[in-house]
Structure formats: structure tokens, C-alpha cells
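Close look at the chain arrangement
Below, each chain spelled out in residue letters.
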Number of protein chains: 4
Amino acid sequence: MTLAPELVVSRWFNTTESLTLAGLRGRPVLLHAFQMLCPGCVAHGTPQTQRAFELFKPSDLQVIGLHTVFEHHAAMTPVSLEAFIHEYRLTFPIGVDEAAEGSPIPTTMQRYGMQGTPTTILIGRGGNIVHHGFGQQSDMALGAIIATELGR
Amino acid sequence: MTLAPELVVSRWFNTTESLTLAGLRGRPVLLHAFQMLCPGCVAHGTPQTQRAFELFKPSDLQVIGLHTVFEHHAAMTPVSLEAFIHEYRLTFPIGVDEAAEGSPIPTTMQRYGMQGTPTTILIGRGGNIVHHGFGQQSDMALGAIIATELGR
Amino acid sequence: MTLAPELVVSRWFNTTESLTLAGLRGRPVLLHAFQMLCPGCVAHGTPQTQRAFELFKPSDLQVIGLHTVFEHHAAMTPVSLEAFIHEYRLTFPIGVDEAAEGSPIPTTMQRYGMQGTPTTILIGRGGNIVHHGFGQQSDMALGAIIATELGR
Amino acid sequence: MTLAPELVVSRWFNTTESLTLAGLRGRPVLLHAFQMLCPGCVAHGTPQTQRAFELFKPSDLQVIGLHTVFEHHAAMTPVSLEAFIHEYRLTFPIGVDEAAEGSPIPTTMQRYGMQGTPTTILIGRGGNIVHHGFGQQSDMALGAIIATELGR
């Protein structure tokens, strides 16, 4: 069992309060790491995360987007991200992964050892990593692993 | 709680033995009612059922297709269905819903009060109807309800 | 320049009169060969042909579907084809390629040396074969070659 | 016949020389106006323009993208656009529509009276506007109008 490292976020969108895994312990968390200029994220990852956010609203699943910019940093600043969130009608909470000193890879992305974007991670009620998927995920499989964790 | 009526099948494909809900009691059953000339079935329903069959193979879910012909009967005989199954590479068990005397609607379709095709029904471990959906189903929602039932 | 062989059709749908290339000389003809149980035809070829039929209605293009059954003959009889045409809302003229003695490949399909289905052929105003494509065709390219021929 | 107004571009990508309609007179020009954060552009418009660029490479059609930012100006600066062009593998020439004093709508966009993005305009060999379409365009229809103009 791998415990999920804490998030390090420099700015939040779509939420008035900062979210931490510590504060969410006991609830499953769907963490979606993306970049606003990553074609696979825009075509598949973020719409899928929005679908999960809407489908599981009646449950205690917490959906969190994480903007993990590791390339084209000047092109994907928070001001651009904010317009992206607005234009794509994303309504789940999204945090900006904090830049790391001396590395293009931001802090949370480093902690999780993510290989790139999109990355989809499911954190269990106990704070453990239940699923860590890089690239396109099947809707049916994602629905199943979330429901399985919700049933615990 | 509604108990799922027994299937009445005149011929099976993709299985050497006849399947009955009585014999499957204790296992969840995904029942997919379709017609080979129903565009919504061909575009969405049967490929989705095939995906469910493959995704949940490691579990004890039983996937069953049911060819519920209620129109164009002469056009969708078992010989045509057999070619359809072959060409679309469907590998889950498929039964032909038995024709009913004096009605174009076949027997099992009548018993379940299905409104048309595609219809997707999930039968729980206890033989009860957990989900009865007419028309296009979301992959994510279907994955979730199957996983929830598997977790019981 | 290859002259397009004449069609040999045993039965027509969606037209009250038999169509012949001889009778259509002077007009471009889009000939779409398909089988109702060919997944690539159902997903791409026949809807594309329907789109071409609607887009080029104001022009003198003649669109013709040709049901070239070369496998599963008993599964794709005219009665099944008729229901298929109805369910998929195909409104362009469709002919049944005449069965050939001693071969599973029907007559017109043989004459054109088609490799399978779907096959999309554009016949020019002069009766010549302008384009012969096997498999999925790009909508943009097909629109372009039709318009080019219409402009002659 | 409406003559196409000249382009006013502040910066070019994917070309070493500035392009002007005056300099292109005699050749058809496909002008695609988009914004990098416009979902309909990203999903349909720019990939369609890329397909047109590749399909008609053997012809004398000139394809031009025009980044017409009329909202979220700070979010879609040239540095962000450059990363967008790189990530989405766009290889046709793209100009940044020049900002207009006292209006959020950039200069060329104003001159053409565009209603929004995506907008697809075909300019004929004579410099006239052959087609002005707002929103999603059909691939087949676009292929046809380009080919028709190329045939003049």
C-alpha cells in the first residue's frame, strides 16, 4: 500500500477553500493531473473528469484537478488557465501545482512520480493510492474503480 | 425490489450450454437486449456490452446478450444474427428471445416490459433488477453500477 | 482511362426505375459498394454516401448504392437489406448486385475487380473511372473529387 | 461579389515571410479564424484546417490560420499561441490578428464582420469571398467548395 503524498498547490480555482488530502481523509479522492495545452488532456482527460464529477456528486467522492505544468511554463500561467476553465465549463476544484526550485517539474507531480499528462489517480478512503494511470483511461474502468472504492 | 423474470430463449450463440437466471443465482448478470438492425444498438449498445464483458472477465459477472426482435422479423432471423455476431466480433453469450404467439414482441421482452432496444438490465446477486435502462447508457455509470453490485 | 463496366442489378430499392450507367452517361455517378453486415460500411461508408447524396442534391451527381454480397449470402438477402435501408434511413437508390453462377462474388463486383467492402467509386461524365477507393474514405477528399468532376 | 479585405497581422508563425492577400492574388485562400481557447476551434476547426492544408498541398491553395482574440486577451498571448501550435502539431501559416484601438475585436476580424470563432472563409482566385461560414463546417462541403474554386 502506497500512501498518497500531500498536494502542494499555489492557487485554487472553483473552490473558496484550499483542499488537502489530510483534510479529506476518509473520503475517496479522484486526482486528475493535466496541462491546458496537452491535447490528450483536453480531448479526453478533463471532460472525463468533469463527467466523473457530475456522476458521483451524490457520493462523498472528492474530485480534484491539478494543473501540473512541466513544459511551456510561460504559455500556461494561471491567467490562461482561468480562461481555459471558463471556456471548457470545468466546475470541479482545480489547483495549480506549485513550481519547484531548480526543476521544470512542479512539486506534487514530482512527489507522485507522474510520467506526464494526463494522469488519473484514485486515492482511497485510507489515503492510499488505489489507481495511478498515465494516458487515456476507459470511462467504464474508471467508473468501476471509483464505485468499488466508494463501496468500502 | 423487483425479481427478474426468467429468460425464454429459443437458441444460443457463443455458449455450449443454455443459461438461466435460476442457474446463475448468486452472480450478477448484465442483460443486454438488442436487435441486429437497430442503429443505436450497433453503434453503442453491443460494443459497450462487449467492453463490459472484457473488463469484468476477472469477476463473476455474467454478461448475456438477448436478441429481442419485435419488428422486421423476417429480416433478423438466426442465420442473419449469426453472421452479425461473427462480423462484429461479439464473444459474449447471446440468446434469441423466443417468439410469442399472437404478438410481435418476443416472450422475455414482454416479461420485462422493455420499451425497445437497446435495453440494458443489471440483475443483482439476489435475482433482483438493479438497473433497467432504455437507450444509450453512459460507460462510466454502467461501470459504476456493475462494480457496486460486484462488491455486494 | 478505364471505362466503368455496366451495373448488373437484380433488384432496386429507393427508385421506381432501374438505373444504368448507359442511361446516366453525361452525369457523374458515385457508386458505393457495401454489405449490410460489414462494420466499416455501416459505421463509415453508408452514412458518408448518404451525406454525399444530400450535399450534392442540387447538382447532377447520381448516387448509387450497390449491395455486393460476397459472404454470408443467406444472412443478407433482399428482405434483410430492405429492413436495413429503412432502419438506417438511407434514401439514395440502392441496387442488389446480381449473384454470379459458380462464384460467391456477385457480377458487378467481379467486373470492377473490387477488393471488398466498402468500395467507393466515382464515375466521370464520360463514363470513365475517376476514383476507385477500398476502405474508409476521407469526407474532405471525397467532397473534393466529386466537386472536381462536377466542374467538368 | 464581395472583395476580401486585406489581412492585418502583427506576427506570423509557421512562415518566414508575411502573407498578404494582395501577394496571393490569383490563388484561392482558405482563411481559418480561431482562438486557442475556443473549444469548437480546438475540437473541429483547427484539425479540419490542418486536414485541408495536407489534402490540398499539391494544389495552389494557400491555407492561413488567423488568431482572432476577442476575449480573454491576457490568456491568449503569442507566447501561449506558440505553445498551442507546437502541441497541436499545426503546420500551416498562422497570423496573429492585430489588436484594434478601443475595441476588444481585432482588426481583421472587424473588417470581415466575423461573428465569432471558428470562422472559415474561402477567398477566390479573384480576391472575392466565396464562402464565409461561422461555426462547425462539414468536411465534405468544405472539400467541395475548395475543389470547385481550384477548378476555376
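Please read all numbers here as calculations on a predicted model, not as lab measurements.

In this section: the interface of chain A and chain B. In this assembly, 13 residues from chain A lie in contact with 13 residues from chain B. Together, Leu55, Asp139 and Met140 of chain A form the three largest contributors to the area buried by chain A at its contact with chain B, with a combined 58%. In this structure, the connection of chain A to chain B is made through 0 salt bridges. In this structure, the connection of chain A to chain B is made through 0 residue pairs in polar contact (both at pLDDT 80 or more). Looking at the side of chain A that touches chain B, the elements with two or more residues in it are α2 (39-55) and α5 (139-150) of chain A. Sort the elements by how many residues they give to the side of chain A that touches chain B and α5 of chain A lands first, with 8 residues.

Residue and element names in this part refer to chain A. This model, assessed by the stated rule, comprises 4 disulfides over all chains. Covalently, cysteine 38 is tied to cysteine 41 through a disulfide, its sulfur atoms 2.4 Å apart. Because the torsion about its S-S bond is 80°, the bridge between cysteine 38 and cysteine 41 counts as right-handed. Cysteine 41 carries the same exposure label as cysteine 38, and that label is buried.

It is worth spelling out the interface of chain A and chain D at this point. At the interface, 16 residues of chain A touch 16 residues of chain D. Interface of chain A and chain D: buried area, both sides summed, is about 1,300 Å²; carbon and sulfur atoms make up 66% of it. Put simply, chain A and chain D have 0 salt bridges between them. Inspection of the chain A/chain D interface yields 4 residue pairs in polar contact (both at pLDDT 80 or more). At the level of secondary structure, the elements contributing two or more residues to the side of chain A that touches chain D comprise α2 and α3 (78-87) of chain A. Of the residues forming the side of chain A that touches chain D, the biggest block, 6 residues, is contributed by α3 of chain A.

Turning chain A through 180° and shifting it by 0.0 Å along the axis lays it on chain B, with an RMSD of 0.0 Å. Both chain copies can therefore be described as sitting about a two-fold axis. Mapped onto chain B, 100% of the interface residues of chain A again fall at the interface, so both copies present the same surface.

Let us now look at helix α2 (residues 39-55) of chain C. Between its first and last C-alpha, α2 of chain C extends 24 Å over 17 residues, near the 24 Å set by a 1.5 Å rise per residue. Remark: the principal bend of α2 of chain C, roughly 35°, maps to glycine 45 of chain C, with a proline, proline 47 of chain C, within the next four residues. Those residues of α2 of chain C lying buried are Cys41, Val42, Gly45, Thr46, Gln48, Thr49, Gln50, Ala52 and Phe53 of chain C. Residues of α2 of chain C that are buried in the fold lie against α2 (39-55) of chain B, β2 (29-34), β3 (62-67), α3 (78-87) and α5 (139-150) of chain C together with α5 (139-150) of chain D.

Time to look at α5 of chain A. Residue and element names in this part refer to chain A. Here α5 is 12 residues long and its end C-alpha atoms lie 16 Å apart, about the 16 Å a rise of 1.5 Å per residue gives. For α5, the tally of buried residues reaches 9 of 12 residues, placing the bulk of the element in the interior. Along α5, the residues that are buried comprise Asp139, Met140, Leu142, Gly143, Ala144, Ile146, Ala147, Glu149 and Leu150. At the N-terminal end of α5, a side-chain oxygen is found 3.2 Å from the backbone nitrogen of methionine 140, two or three residues along, and the residue is serine 138.

The next point concerns the pattern of salt bridges. For the coordinates displayed, the defined rule picks out 16 salt bridges over all chains. Here glutamate 82 of chain A ties to arginine 11 of chain A by a salt bridge, and the two come within 3.8 Å at their closest N and O atoms. With glutamate 82 of chain A in helix α3 and arginine 11 of chain A in strand β1 (residues 9-13), this residue pair connects regions lying 71 residues apart in the sequence. Judged by relative accessible area, which is 41%, glutamate 82 of chain A ranks as partly exposed. With a closest N to O distance of 3.0 Å, arginine 152 of chain B and glutamate 149 of chain B form a salt bridge.

Averaged over all residues, the pLDDT of chain A is 97; the fraction at 70 or higher stands at 100%. Interface confidence in the predicted complex, given as ipTM, is 0.95; pTM for the same model is 0.95.

This part takes up the pairing of strand β4 (residues 94-97) of chain C. Residue and element names in this part refer to chain C. With burial as the criterion, each face of β4 is covered, one bearing Ile94 and Val96 and the other bearing Gly95 and Asp97. In this structure, strand β1 (residues 9-13) lies alongside β4, joined through 4 bridges in antiparallel fashion. Among the inter-strand pairings, valine 9 is bridged to a residue of β4, identified as aspartate 97. Here 3 bridges tie β3 to β4, and the two strands are oriented parallel to one another. Its bridge partner lying in β4, histidine 67 is registered against valine 96. In this region the chain leaves β3, passes through α3 and returns to the parallel neighbour β4; the handedness of that crossover is right-handed.

Reading the values: the criteria
Starting from 1, residues in each chain are numbered consecutively following that chain's sequence as written. Working convention: letters from A go to chains and numbers from 1 go to ligands, in the order in which they are written. Under the rules for a predicted model, residues below a pLDDT of 70 receive no local features and side-chain atom pairs below 80 are neither given nor counted, while totals for whole chains, interfaces and linings still include all residues. Working from all heavy atoms in the structure, the side-chain values ignore hydrogens and water. When checking whether two residues touch, look at their non-hydrogen atoms; a contact exists if any pair is within 4.5 Å. Two parts placed together each lose some accessible area under a 1.4 Å probe, and the buried area is that loss summed for both. A carboxyl oxygen of Asp or Glu within 4 Å of a side-chain nitrogen of Lys or Arg is what we treat as a salt bridge. Two N or O atoms count as a polar contact when they lie within 3.5 Å, although within protein this holds only if one can serve as hydrogen donor and the other as acceptor, and sequence-adjacent residues are included solely when both atoms are side-chain atoms. What counts as a helix is a DSSP run of H or I of at least four residues, what counts as a strand is a run of E of at least two, and both are numbered from the N terminus. Note on terminology: pairs of cysteine sulfur atoms within 2.5 Å are recorded as disulfides. The rule is simple: take the accessible area with a 1.4 Å probe, protein chains only, and divide by the maximum for that residue type; under 20% is buried, over 50% is exposed, in between is partly exposed. Fitting of the copies onto one another was done by least squares over C-alpha atoms, counting residues only where both copies have pLDDT of at least 70. Take the residue count of a helix, subtract one, and multiply by 1.5 Å to get its expected span. The bend at a residue is defined as the angle formed between two axes, one fitted to the seven residues ending at that residue and one fitted to the seven starting there. On a scale of 0 to 100, pLDDT captures the predictor's confidence in every residue. Two strands pair under a simple rule: DSSP has to find at least two bridges between them. Here is how to tell: hold the view so the strands point away, follow the path from the first strand over the helix to the second, and if it runs clockwise the crossover is right-handed.

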